[in-house]
Structures are given as C-alpha cells and as structure tokens.
Amino acid sequence: MGRSSPPQAPSAAASLPVAHQLAVEGMTCASCVRRVEKAVAAVPGVARASVNLATERVDVEFAGTPDFGPVQAAIADAGYAVREDTVELAIEGMTCASCVARIERALRAVPGVLEATVNLATERATVRRMSGAADDAALRQAVADAGYEARIATEGDTPDQASAARDAEIRKLGRSLSIAAVLTLPVFIVEMGSHLIPAFHRWVMATMSGWNWQAQFVLTTLVLFGPGWRFFRRGIPALFKGAPDMNALVALGSGAAWTYSLVATFLPGLLPAGTANVYYEAAAVIVTLILLGRYLEARAKGRTGEAIKKLMGLQAKTARVLRDGVAQEVPLGEVRAGDLVQVRPGERIAVDGEVTEGGSYVDEAMITGEPIPVEKRAGDDVVGGTLNKTGSFTFRATKVGSATLLAQIIRMVEQAQGAKLPIQAMVDKVTAWFVPAVIAAAVLTFLVWLFVGPDPALVFALVNGVAVLIIACPCAMGLATPTSIMVGTGRAAELGVLFRKGDALQTLRDASVIAIDKTGTLTEGRPELTDFLVLEGFDERTVLQQVAAVEARSEHPVAEAIARAAEQRGLALLAAADFEAIPGFGVRATVSELRVDVGADRYMRQLGLDIGVFGATAARLADQGRTPLYAAVGGRLAAIIAVADPIKASTPAAIAAFHALGLKVAMVTGDNTRTAEAIARELGIDQVMAEVLPDGKVEAVRQLAMGGARVAFVGDGINDAPALAAADVGIAIGTGTDIAIESADVVLMSGELTGVANAIALSRATLRNIRQNLFWAFAYNVALIPVAAGVLYPVNGTLLSPMLAAGAMAFSSVFVLSNALRLKRFSAPIQPGQPAVPARLATAR
C-alpha cells in the first residue's frame, strides 16, 4: 500500500490576508482609536483591524473577499465616517448604451466603490469610492475585464487634448470608411446591378460567371476583416462573455451573411437545392454603412463639447509677470498667487487678481453678459479670461490654476455634462436587456422563417434574421440623454447660467413656484436712506450721528445706507462701544455714554417702547414700499427711519416672464408685511411671505411646497444658503466674481433675475429635446424590428433588406445627435436690457 503524500502547506499568497487602508474622519483621541478598532474587528470576515490616529486611517485585513459595506456601516455606528473621494476615468471603446451598462456594473462590483456612472457622450466614468478601498489600478482592471480601456482622467486633461484625441479617432474612422467604400462599391454594383438591370445581369453572366462570386468573396473579406475588424474584435469577446453589445450585433449580422455566402461559393453541396445564393453585398454594405454612421456620429459628438472648448479658449496662454522687477513672459501654469502681472491693451487677463497700478476698461461679458466694458482702477478685482480694452495696468494675482473663476465655471459645466438625469433611469433599465433581447428576436425570426416560411425557407430565414440584428440600435438610446445634457448645459454656460448639478436641468423644468428673496435679488441690494424723522426733544443731526455710529459697526446693507447718509451730510463719525447685533431684530451700542438701539418694530416692542406715535408715518412709508426702522436713545424712542432698496430695472420683466411661463411667484422677505405687500403690488407678485427671519426661510420654502408644488428658491447664496438647499432647486444670483456657491443647484453669473427665466426656458427646451430623442430611439426600434422580422410579409409581401436596415440604424444615431445639436441655437427669451417679455415664453413648455 503506497504512502500518501504529506499535505501541502498553503502558499503565502493564498494564506496572507490582504490589507486595505480606509481614511476615517472624526477621530480625536486614543478612545476613538479603540472604539473604531473594536467596531471594525467585530465585522464578519475581517481578520484584523489597526487604527493610526496620526494618519487618521484604519488598516483592515479581510480573511476572504473584501466587503467594505459592513465595515463602513460599523464605523458609522461607532460615530465616525469613512472618507470618500471621487475619481474620473476616461473610457475608450464604448459604442452604445449596452457598453455603458456593462462598465457601470463592472465598476460597482469593485470592493469599496459606492457609486459609478458612465456617460457615453463624454466617454467618462465618475466613480465615488471609499478613500483607500478601491485604488486606481483596481478600477482600470475592472474596466479592462469588461472589454474596454480606461485611464485616470487628470486635471491636466484639457479639452484641447480631448479634441485632439477625438480628431484622431475621426481621421481613423474616415480612413476605414474610405477603404471599406472603395472595396464595397464593386460588390454592390455587380450584385445589385444584376438584380435591377437585366442587360447588366446578362453582361455579368457572360463575362464574370466563372469568378464573380470568388471576386466578391475576396473584396468582402477584406472589408470585414480590414475596416470592419473593429466590430469582430470587440463584439465576439463580448458575446462569449454573455454581455453582447452593438458590436456583437454587427459582427453577428455581417458575419452570418458572409459565412452563408462562403458556403454557397465553395461548398454549395452542403446547402438545400435552390438556396445556394450569396449575400456578400449585404455583409460589405452593412459594415460600410455602420462605419459611415460611426464617422458621422463621431463628428457630431465632437461638436457637443464645443462649449467647453470655447470656455477654455478664453484662457490666456501666457502672462507678463514681474520677477525681480523685470517683466517676463511665462506660461500660464507658472503664474503663482502673489505675482505682479502686467496687462497691455487688447490682452486677456491671465488669472484672477486685484489691480495695484494703472487703469483700464475690461470687457466682462463672459461673466455678466453685459457688453459694456467696466472701468478698473487700483483696488478693483479682475477676472482671468476677461478682455482688457484700451489702457494698461498691473494686478496682483490672487487666484491661479483651478482656483480661478474660469476654472470653476469649466469644472461646473463638466460636472453637469457628466451627470445623469432621473429620466435616464428608464433608459438604463431598457438597455440592460435590449441587445440580448434583439439576439433572441433574431434567433426566433430565423427559426420561424426556417420552419414556417415559404421556399427557399433557409434564404428567407437568413435574410430576415440578419435584418433584425442590424436594424436594432442601442446607440441612439445611449446617446439620447447625455448629448442633450452636454449641449444644453454648454449653451447655458454661454448664457451665464451654470448648472452645478446636472439633475437640476430636469427638476427646474418641473418647478411650479418661484420663491424669491427680496434684498439683492428683486432689488439692487444697496438701500438708500429716504426719511429720518425725530420726536420733539431730539435734534435730527445729533440722533442721525448717534445712529450712524452704531450702524457703522454693522455690515448689513441697511446699516451701510444710514452710515453713508450721515457721511454725505458731513457728520463726523462718533465712537461706539459694546456693539451687539440681534439677528432679525436690530443692533445696539453705547455712543457718548448713551445706549442707542436701532431696529424693526418688533425690537422696539421687545424693549417695551410704544411706537404708536409713529403709526401714521409708518403706514405711509410702508405703503410706499419703504422699510420703517426705529431708533431709541437712552431708553427713549427717538426717531423713525425709512430706507428703500431700489428695484432692479430688469425685475419687472423677469416677473412678467415667470407669469408667462405659467409660474406662481412668491416673495420671501424679513420686511414688515405692509412694506412687502407694497413691493408685491408694484411688481405683480402673487404671494408675500413677510417678516421672515433668516432661519425661517426654510420653513417658508416648506410651506410653499405643500400640496406637491415644486419650489425653486432664488437668493444671493450667502444668508440664503439653508433655503437654497431646502428647495427642490436652489438658484443663486452670482456676484460676478463669487459664483462657487455650494448650496445652490444653479448659479447665475450675472445679478439679473431675468437669468432665472432664461434658465427655466432652457431647462424646458433641453428636456423637450431629450424626450424627442428618446421617442425617436424607442419608436424606431419598436416599429422597425418587427418589420425587419417580416411581420408585413403576409400582408403585402414587404421584407426589409439587411442593407436598408444598416442604413436606417446608422441614420438613427446621427438623427439623435443632430437633434441634440439644435440646442446650440437656443436663444435666450430675455436678452440683457430687454424690457418686454417675448410671446414665445408663453409656449416654452
């Protein structure tokens, strides 16, 4: 009896657990370390956990397959959070919606990946992951295993580089198309000419009968395995992996026609009598027409990203920087914060900064949309990408690289273009099974015609089965939404509207209520003192001087108006001590040893002061749309103050535009009710929510949303941040240079409220365009797949040639792209300075 071999020790690679590092937020002491270690070590499947407080990381070793979900949950239950980050991958090789679904599944299967979205139009994948869990190599490998190529997209990737890569792909497709067309044309002429022209058929039979099919075989083989090899190289492996895509459909369709023709040419005895026909022209024309469609598609896709290229074109390539007192021309990337930069007439300003010397007029139309140049003097801010006109000046760089305003704009547009709208969820569900369903339909078509069809049954079965494979077009479905988003958000950026979140495009379209903060949005945000009345026993100039001393300590616009009025009247500024601001009520301080209180009526009531003596005056001021404030000196009511914030010239047109769009307009303000209602009457506002404290704006938004209304809140993005976040869509009115408002979904680069109407109109136009694309993509397949299968043959004898099917398929993708590109011609309903509301707004739905 032979001895059995001793058991083999497991290899080191098989026995050692794999360690992963996760970044943990919130740890502050040794007890935090113990708590996190204990929580992670208790997770099933975790072999060991070790926490480093200095690096704020936990090393996790799994005994088996890593599963980070329970680890993240355990850390959260312990009161901490796993840090997340986002990475973008540039994907090569995608052709249709099935590719998108396959790559998303592959990326989501990588341990540590929380979310993965792929955009066919931008050819980018955005992956949200736990920091340290899913490294770049694992993501690239997952994409490679799915049959595609990926690289990490870095900030160094510029639209110029992307454009160069796109141009190279277009040239490559153009060469392939040219070769395929030259090789296909003789096959097509000989075969189709013989069918259509009897005399030509007789000539072919007389001169080419011995080698006609063999010549067609050679030419078609060169087409399929030359220019058409791309379909087989990607489609056949995808088919064997059980995840077929558009390439697989083309490979199956053209390959089936070629294989059948090959047998008919060289082994005709294997086929039933009367069925030895060739379909070389179908195989060759299918490949050529699909290549034509890809070529046109690539050219159209290149045009969808032109908005980003235009924005990038606004950047200066170099800058004149003063180094050691000498002006040097340096590349833009070498400019550092603090550098002194010289700008000459006609030059673009390189980076953001502050003028230190000289002066000029600068064209800031890229920010504000206003064509009139803005004067710049020492102390004024300048923005990179804007155009200097006549003078010259020197400025100190304050923001460079990715921190500049232009870089922020480009980043916002890119993020919006890469986003998925909620409407895309339906498309994703359909495309997940679309290609397998098409292959199943083609097989069923083949079998039905083979066993039920007329003679020659095999020929009918082959032709109709191939037609079903070729007519189907997941490309159009995959491009329908992202191309419209790309073009729509790009056009929006050109109009000064930045969609920070792509899904805001869809949500804004459904808004039914526009809630608007008054100060700085409906009005100029720079109030002016209009009335100052004192009670008997007080001196007007003295009280104004005391009130101005208190208000000079405040940054509120109303306070600035009062202090500015005192300065204009030549009153010296007194010292104020013990200053205190009571949010929503007023301010107080000690001036010349007297306590001075300034605030709204509710503040006076809180102080126990009777303001009835000013009742008639307050009513008159409120009816005039002015904000009445009160001042108390030494504990006695002293004066009533009226401040008015001028309404922006563009506001009436914007309100009229909202009504034309079918929207209800609500004003949210801290002003008293009578003042707010006076402004509302003047502007035609539907609903007023007055005397709302800063922390009450969120509740106001919730009240407006009762009954299922979709609310878009418009504010200045600073004190309105909670309301902007609480609304269905938050729209921040930008201030030109300060647009990076994290709480808003949409940012308007200019301070004009008319931009909101333009944003809504563009949102509706984009969603209408998407619906058109989706209807075409789905209706095309629903209508033509049955026709390709031959359902009309028993009715009127109609069959669809595989060549016509290929042409129709190529046309469908080009149609969707061309329709999306129509958004480039979207015209803003209200142009800067335009007072009237165009009639077309009323039908902007």
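Residues numbered from 1 in each chain as written. Predicted model: local features only at pLDDT ≥ 70, side-chain atom pairs only at ≥ 80, totals over all residues. Heavy atoms only, no water.

Cut-off, in case you're wondering: UniProt positions are given in the numbering used here, feature names are shortened, and annotations may be inferred rather than shown by experiment.
Looking up the protein chain in an unreviewed UniProt entry gives the name Copper-translocating P-type ATPase, with the organism given as Bordetella genomosp. 1. UniProt's Sequence similarities (unreviewed entry) comment on the protein chain is quoted here verbatim: "Belongs to the cation transport ATPase (P-type) (TC 3.A.3) family. Type IB subfamily."

1. Considering the overall build of the protein chain
For clarity, the threshold we go by: Each helix is a run of H or I in the DSSP string that is no shorter than four residues. Each strand is a run of E no shorter than two, and both are numbered from the N terminus. When a residue's accessible area, from a 1.4 Å probe over protein chains only, is under 20% of the maximum for its type it is buried; when over 50% it is exposed; and in between it is partly exposed. Here, Shrake-Rupley sampling with a 1.4 Å probe gives the accessible areas, and only protein chains in the shown set may cover a residue.
Helix and strand content of the protein chain: 30 helices and 29 strands. Looking at the protein chain as a whole, 52% of its 845 residues are labelled buried. As displayed, the protein chain has an accessible area near 36,800 Å², and 57% of this comes from carbon and sulfur atoms.

2. What to know about the sheet that holds strand E28 (residues 729–733)
Cut-off, in case you're wondering: Two strands pair under a simple rule: DSSP has to find at least two bridges between them. Inter-axis angles, ranging from 0 to 180 degrees, are taken between N-to-C directions of lines fitted to C-alpha atoms, where helices are fitted over the stretch in contact.
Strand order in this open sheet of seven strands is E17-E29-E28-E27-E18-E25-E26, and the pairing throughout is mixed. Taken across any chain shown, the strands that pair with only one partner, and hence form the sheet edges, are strand E17 (497–499) and strand E26 (687–689). Going from strand to strand, the sheet's axes swing by 20° on average, the running direction of each strand aside. Both strand E18 (residues 513–517) and strand E27 (residues 711–715) contribute to a ladder of four bridges, which runs parallel. Across the sheet, residue Val-513 finds its bridge partner in E27, namely Val-711.

3. Comments concerning the sheet that holds strand E6 (residues 113–119)
Selection rule: Here a residue-residue contact requires only that any non-hydrogen atoms of the pair lie within 4.5 Å.
The antiparallel open sheet is built from four strands, whose spatial order is E6-E7-E5-E8. Across the chains shown, the open sheet's two edge strands, defined by having one partner strand only, are E6 and strand E8 (149–152). Strand-to-strand, the axes of this sheet are offset by a mean angle of 25°, without reference to chain direction. Relative to strand E7 (residues 124–130), strand E5 (residues 84–92) runs antiparallel, the two sharing seven bridges. Across the sheet, the residue bridging to Val-87 is Val-127, located in E7. Set on the sheet, helix H5 (residues 136–145) makes contact with E5, E6, E7 and E8; between it and E8 the angle comes to about 160°.

4. Remarks on the UniProt feature "transmembrane region" (unreviewed entry) in the protein chain
The sites that UniProt annotates as "transmembrane region" (unreviewed entry) are residues 179–201, 213–232, 248–271, 277–296, 430–452, 458–481, 774–793 and 799–821. Counted over residues 248–271, helix gives 79% and strand 0%. Its end C-alpha atoms are 26 Å apart. With 85% helix and 0% strand, the stretch residues 774–793 has end C-alpha atoms that lie 28 Å from each other.

5. Considerations on the side chain of Thr-483
Checked against the element boundaries, Thr-483 lands in helix H17 (residues 474–494). Classification of Thr-483 by relative accessible area gives buried; the value is 0%. Once you skip the residues sitting within four places of it in the chain, Thr-483 turns out to touch Ala-121, Asn-773, Val-816, Leu-817 and Ala-820.

6. Describing the nonpolar core
Test applied: The definition of a nonpolar core used throughout is a set of buried Ala, Val, Leu, Ile, Met, Phe, Trp, Tyr and Cys residues joined through side-chain atoms within 4.5 Å.
With 145 residues, the main nonpolar core has Leu-107, Phe-658 and Leu-753 as its most contacted residues. Looking at this core, the element that brings in the most residues is helix H28 (residues 754–789), giving 16 residues. Ignoring sequence-local partners within four residues, the contact set of Phe-658 consists of Ile-514, Ile-516, Leu-663, Val-665, Leu-753, Val-756, Ala-757 and Ile-760. Membership of the second largest hydrophobic core comes to 30 residues, among which are Met-412, Phe-713, Ala-723 and Ala-744.

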